[in-house]
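# Secondary and tertiary structure notes
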Amino acid sequence: MGATSYGASERPPRGDYSRDGKVAADYTCPQNYAAYTPADHDTYRRLYERQTALLPGLACDEFIAALPSLGAKNRIPRFEEINDKLTPATGWEVVAVPGLIPEVPFFTLLANRKFPVTDWIRKPEEFEYIVEPDVFHDLFGHVPLLFNPVFADHMQAYGAGGLKAHRLGACEQLSRLYWYTIEFGLIKQTDGLRAYGAGILSSSGELVHAVKSPEPKRIALDLLRTMRTRYKIDSYQQTYFVINSFQQLFDMTAPDFTPLYAQLRSLAELPADAVLAEDVLVVR
Ligand code: PHE
Ligand code: CO
């Protein structure tokens, strides 16, 4: 899903990292298109169809507008076909990786406007839920917003910021921001609350939960608050952070985080379901 779990997982990442020498030093590899079976293409088709039907009223406008740019919906798209449209639009490029990759190579790719996409797809029995990102999560969840110029610039800035966080020993703090924005962010639009986070947009259950359920907390995004907050990787989120626009997200994250990281060292971590007196709650 993101830098979050990259390298931090207890178990070895799923995926073949040898591929007969085809994985480069930066972890990119050719998309192994020949390896997809008819059942794999069918899994993608069924995921795409179900998820697309859910989007109106739940996904942000920018995502819905850009989704057709992914091309093929009846099969797993070829990454080159996507790049034919994506690179002219925002200078981004989708690159194949064998699965989760370590933090530094991940940040380096983003800083160079290359978005790593896992090329394998989940098994049919994982149709409803998969913990690790597969090609459906990475493409459907993340790539449409890379067609948005402001979001595209934000992702590059995040990559550069990740390399800085690594030097400062603050990857865990920054990865929480990634989690609560790029993976599980909500945005206030003129018609109401909508999802823009890839982890929400690629999950049928969480898409409804995040936007409509009365259960989770929804709090206006605040950098320090978000970077103090732990998160759950194996259940729906208990808290979502809300932005007003991608420009707000870009502007808010543009300043140097060095003093924020210093401040965070003296602040206690918060559980995933915390509510603080100073939180600005967002009502649906
Ligand atoms: N501005 C942040 C820094 O200096 C980097 C960053 C950009 C972090 C965008 C998140 C998102 O560390
Ligand atoms: Co992701």
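Residues numbered from 1 in each chain as written. Chains lettered and ligands numbered in written order. Predicted model: local features only at pLDDT ≥ 70, side-chain atom pairs only at ≥ 80, totals over all residues. Heavy atoms only, no water.

In terms of helices and strands, the chain carries twelve helices and six strands. The C-alpha radius of gyration of the chain comes to 18 Å, within 12% of the 19 Å expected for a compact globule of 284 residues. Taking all 284 residues of the chain together, 54% fall into the buried category. Counting contacts in the chain only where the partners sit at least 6 residues apart, residues at least 24 apart contribute 71% of the total. A total accessible area of about 12,100 Å² is found for the chain, and carbon and sulfur atoms account for 55% of it. (Helix = DSSP H or I, 4+ residues; strand = E, 2+ residues; numbered from the N terminus. Rg over C-alpha atoms; globule rule 2.2 N^0.38 Å. Buried < 20%, exposed > 50% of the residue type's maximum accessible area, 1.4 Å probe, protein only. Contact = heavy atoms within 4.5 Å. Areas by Shrake-Rupley, 256 points an atom, 1.4 Å probe, with all protein chains shown as cover.)

Glancing now at the side chain of R228. Tracing the backbone shows R228 in helix α10 (residues 223–228). Among the polar contacts listed, one links the side chain of R228 to the backbone oxygen of A268, at a separation of 2.9 Å. Those residues within four positions of R228 in sequence are excluded, and the remaining contacts are R176, L264, L267, A268, E269, L270 and L276. (Polar contact = N/O pair within 3.5 Å; in protein donor to acceptor, adjacent residues only side chain to side chain.)

In this sheet, strand β6 (residues 239–243) lies alongside strand β5 (residues 217–220) in parallel orientation, the contact comprising four bridges. Within β6, the residue paired with A220 across the bridge is V242. What joins β5 to β6 is α10, and the crossover it makes is right-handed. (Pairing = 2+ DSSP bridges. Right-handed = clockwise from strand over helix to strand, strands pointing away.)

Summed over all chains, the structure comprises 18 aromatic pairs. Arranged with centres 4.8 Å apart and planes meeting at 25°, the rings of F136 and F140 form a pair that is stacked. You can see F136 and its partner F140 sitting in helix α5 (residues 135–142), four residues apart, about one turn around the helix. The residues F136 and F140 share a single accessibility class, namely buried. Consider the rings of W179 and F184, whose centres lie 4.8 Å apart with planes at 40°: the pair is tilted. Exposure class is identical for W179 and F184. Each is buried. An aromatic cluster is defined as three or more aromatic residues linked by ring pairs; in this entry it consists of Y44, Y48, F63, F136 and F140. (Phe/Tyr/Trp six-rings, centres within 6.5 Å; stacked < 30°, edge-to-face > 60°.)

It is worth spelling out the site of ligand 1 at this point. Around ligand 1, a shell composed of H154, A157, Y158, G161, K164, L174, L177, T253, A254, P255, D256 and F257 is seen. Residue T253 places a main-chain N or O atom 2.6 Å away from a nitrogen atom belonging to ligand 1. F257 has a polar backbone atom sitting 3.2 Å from an oxygen atom of ligand 1. For ligand 1, the protein covers 94% of the area, taking 330 Å² as the surface of the free molecule. Mapped by element, the contributors of at least two residues to the shell around ligand 1 are α6 (149–168) and α7 (171–183). Broken down by element, the residue count for the shell around ligand 1 peaks at five residues, all from α6. (Near = heavy atom within 4 Å.)

Looking now at the pattern of salt bridges. Taken as a whole, this structure holds 15 salt bridges when the rule is applied. A salt bridge links E126 to R14, with the shortest nitrogen-to-oxygen separation between them at 2.7 Å. Residue E126 is found in the loop between β2 (114–118) and α5, and its partner R14 is found in the segment before α1 (38–54); the two are separated by 112 residues along the sequence. Residue K164 is joined to D256 by a salt bridge in which the shortest nitrogen-to-oxygen separation is 2.7 Å. Of this pair, K164 sits in helix α6 while D256 sits in the loop between α11 (246–253) and α12 (258–264); the two residues are 92 residues apart in sequence, bridging distant segments of the chain. Overlapping salt bridges bring together D42, R45, R46 and E49 as one network. (Salt bridge = Lys/Arg side-chain N within 4 Å of Asp/Glu carboxyl O.)

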